[in-house]
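Topology and contacts: notes
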Amino acid sequence: MTQVPQLNGAANAGTNVSVAASRGGVVVEAGSGRIVTLGAAVTSVFTADPKVVDVRPASPTTLFLFGVAPGKSTVAAMGANGNLVAQWEVVVRPSSYGAQEASSAISRALPGRNVQVDQRTDGLVVHGTVANAAEADRAMATARGYATAKQTVENRLQVTGAAQVTLKVRVAEMSRSLTRQLGVNWQALGQIGKYAVGFNLINPVVNGLLTSSRIASRYTNAGVDINNVIDALSRDQLIHLLAEPTLTAMSGETASFLVGGEFPVPVSSSVTGGVPTITVDFKQYGVSLAFVPTVLSDGQINLRVRPEVSELTTEGAVTLNNIQIPAIKVRRAETTVELGSGQSFAIAGLLSDSSTMTGNGLPGLGDIPVLGALFRSDGFQRAETELVIVVTPYLSRPVSDSQAILSPTDSWREPNDGERILLLRQSGSTPGSNLAGFVVR
């Protein structure tokens, strides 16, 4: 039995091949076809799966096999007396047009680079060697242009000169709040004959989250009892925040870290027998940093960065079943910038100044000038916030000498009794202690 020669590619479409035996194998690509010549006239042609291969007779002794989709099917040709004239196992491979065109386009875009694109059933595979991540991104972008919507493009490129980027982020915030509140409360009781007359006016401070100071006075004379309570609140708050996370990653790779913690949040997951099932979910807070650096061919660094600083707060907290769930105060930014090694960029900033004035009082009496202050409560609150987030990337290389990298504990020594008790030191005196461990000096 002689096997029909295999012809690949659209370039071979229309090739006339003589089939001397009744059985064989044929390989075509999807979207291309072959003409086969039979040794005898046929009257009937069958294909096992017309969704894979289609057969069209050109004459009693020639057939055209057309690859419809990748797969495998059997094609049989029968003579007038019902005898088998020819039978083939037809294998339809994915079209290599996209892979060939992508390889040519990448060769033109990156001359001298050994990059190939191969075809597979569900998409393209890009493999080879490039000099940096920027060339890898360019090769992948070119290959994606020749893939269909349902195809995937797999990256198997090797970067010979992989660069590492160290990113330093500085989050600086100054926040100041000023609160002034005053409330006057009256209670008067008197008796006229058999009748008792009472007067009660309550004007507490409007901010229930803060504890106020109170001044109380009382006057009693001849059945008349007058009580007076003055609620006063004065609060100044200054917050200074400085977070400087630093992280190193290879070009093109994602890196992230979190310094903080997690707090529990009760969550109702399901109801069983009318009783809800409570589970606990944990939410993260603290200082986090995530970024993706890409070193370009000219040494510039394309940087996608997402810094975040969060902390627990009682403002906006929720109380459920005597359980207080704290809120989170967040400072977050996410952006993409391009800059050189050692250059800095302020990627986010905020300047906020807000004032709030509130007043509660008795209608009529509270509106009287001067004396009306005795029948109302007043509140004033001002908040000022200034925030800036600065990023600085550096092209970095590992060091061979581990002693060149200092840690906060390198110069720390446990203080002796004299240093700890008499000098109130938290660390012992060590030559060169100013190099690290500044937190405990």
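Just so it is clear, the model here is predicted, and its values are computed rather than measured.

**Overview of the overall build of the chain**
Regarding its fold elements, the chain presents three helices and 23 strands. Split into buried and exposed, the 441 residues of the chain put 31% on the buried side.

**A few points about the packing of aromatic side chains**
Within the structure shown, the criterion is met by one aromatic pair. Seen from their ring centres, Phe263 and Tyr285 are 6.2 Å apart, and the 55° between their planes marks the pair as tilted. Taken as a pair, Phe263 in strand S17 (residues 255-272) and Tyr285 in strand S18 (residues 275-295) lie far apart in primary sequence, 22 residues in all.

**Observations regarding the pattern of salt bridges**
The tally for this structure, following the rule as stated, stands at 18 salt bridges. With a shortest N-O distance of 3.0 Å, Glu135 and Arg113 are connected by a salt bridge. Here Arg113 lies in the loop between helix H1 (97-109) and strand S9 (114-120) and Glu135 lies in helix H2 (residues 133-144), a separation of 22 residues in the sequence. Of the residues examined, Arg113 reaches a relative accessible area of 35% and is grouped as partly exposed. Across the salt bridge formed by Glu334 and Arg306, the nearest N and O atoms sit 3.5 Å from each other. Pair noted here: Glu334 is in the loop between strand S20 (323-332) and strand S21 (335-339) and Arg306 is in strand S19 (residues 301-320), with a separation of 28 residues, a long-range link. Here the salt bridges share partners, and the residues they tie into one network are Arg304, Arg306, Glu308, Arg332 and Glu334.

**So, the layout of surface pockets**
Taken as a whole, the second largest pocket spans an internal volume of roughly 320 Å³. In this structure, the second largest pocket is lined by 16 residues; those nearest its centre are Asn155, Val159, Ser251, Gly252 and Glu253. For the lining of the second largest pocket, the secondary-structure elements that each account for two or more residues are H2, strand S11 (152-159) and S18. A class-by-class count of the residues in the lining of the second largest pocket yields nine nonpolar, four polar and three charged.

**Concerning the sheet that holds S11**
The strand order across the open sheet formed by three strands is S9-S10-S11, and the pairing between neighbours is mixed. The sheet is open, and its two borders are formed by S9 and S11, each paired with just one other strand. Ignoring strand direction, the axes of neighbouring strands in this sheet form an average angle of 15°. Looking at chain direction, strand S10 (residues 123-130) and S11 are connected through eight bridges and run parallel. Bridge pairing links Leu124 to Val153 in S11. Seen against the sheet, H1 touches S9 and S10 and runs at an angle of roughly 165° to S9.

**Overview of H1**
With 13 residues, H1 ought to run about 18 Å at 1.5 Å a step, and its terminal C-alpha atoms sit 18 Å apart, in line with that. Taken as a whole, H1 has its buried residues at Gly98, Ala99, Ala102, Ser103, Ala105 and Ile106. Packing partners of the buried residues in H1 comprise S9, S10 and H2.

**A look at the nonpolar core**
Nonpolar side chains in soluble globular proteins tend to be buried together. The biggest cluster of nonpolar side chains holds 23 residues, and the ones touching the most others in it are Leu167, Val169, Val171, Phe291, Val305 and Ile347. Elements supplying a minimum of two residues to this core: strand S12 (164-192), strand S15 (224-243), strand S16 (246-250), S18, S19, S21 and strand S23 (376-396). In this structure Phe291 touches Val165, Leu167, Leu247, Thr248, Ala249, Glu253, Thr254, Ala255, Leu303, Arg304 and Val305, once residues within four positions along its chain are discounted. If you look at the next biggest cluster of nonpolar residues, it comprises 18 residues, including Ala30, Leu38, Ala86 and Trp88.

**Section: the packing of H1 against H2**
Remark: H1 packs on H2, axes separated minimally by 9 Å, with the N-to-C direction vectors making an angle of 145°. Handedness of the H1/H2 crossing: right-handed. Taking contact as the criterion, the partners of Ala102, Ala105, Ile106 and Ala109 in H1 are, on H2, Arg138, Ala139, Thr142 and Ala143. The residue makeup of the contact of H1 with H2, split by class, is six nonpolar, one polar and one charged.

**As for H2**
Here H2 spans 16 Å end to end across 12 residues, near enough to the 16 Å set by a 1.5 Å rise per residue. Within H2, the full set of buried residues consists of Ala133, Ala134, Glu135, Ala136, Ala139, Met140, Thr142 and Ala143. If you follow the buried residues of H2, they end up packed against H1, S10, S11 and S18.

**A word on the environment of Gly79**
Turning to its location among the elements, Gly79 is positioned in the loop between strand S7 (71-78) and strand S8 (84-93). For Gly79, a relative accessible area of 7% translates into the label buried. For the pair Gly79 and Ala40, spaced 39 residues apart in the sequence, the C-alpha separation amounts to 7.7 Å.

Procedures and definitions
Residues numbered from 1 in each chain as written. Predicted model: local features only at pLDDT ≥ 70, side-chain atom pairs only at ≥ 80, totals over all residues. Heavy atoms only, no water. Helix = DSSP H or I, 4+ residues; strand = E, 2+ residues; numbered from the N terminus. Buried < 20%, exposed > 50% of the residue type's maximum accessible area, 1.4 Å probe, protein only. Phe/Tyr/Trp six-rings, centres within 6.5 Å; stacked < 30°, edge-to-face > 60°. Salt bridge = Lys/Arg side-chain N within 4 Å of Asp/Glu carboxyl O. 1 Å grid on protein atoms, 1.4 Å probe; cavity = no way out; pocket = protein on both sides within 12 Å on 5 of 7 lines; lining within 4 Å. Points joined across faces, edges and corners; volume = space filled by probe spheres on them. Nonpolar A, V, L, I, M, F, W, Y, C, P; charged D, E, K, R; others polar. Pairing = 2+ DSSP bridges. Axes fitted to C-alpha atoms, helices over the stretch in contact; angles between N-to-C directions. Contact = heavy atoms within 4.5 Å. Expected span 1.5 Å × (residues − 1). Core = buried A, V, L, I, M, F, W, Y, C linked by side-chain atoms within 4.5 Å. Left-handed = near helix turned anticlockwise from the far one by under 90°.

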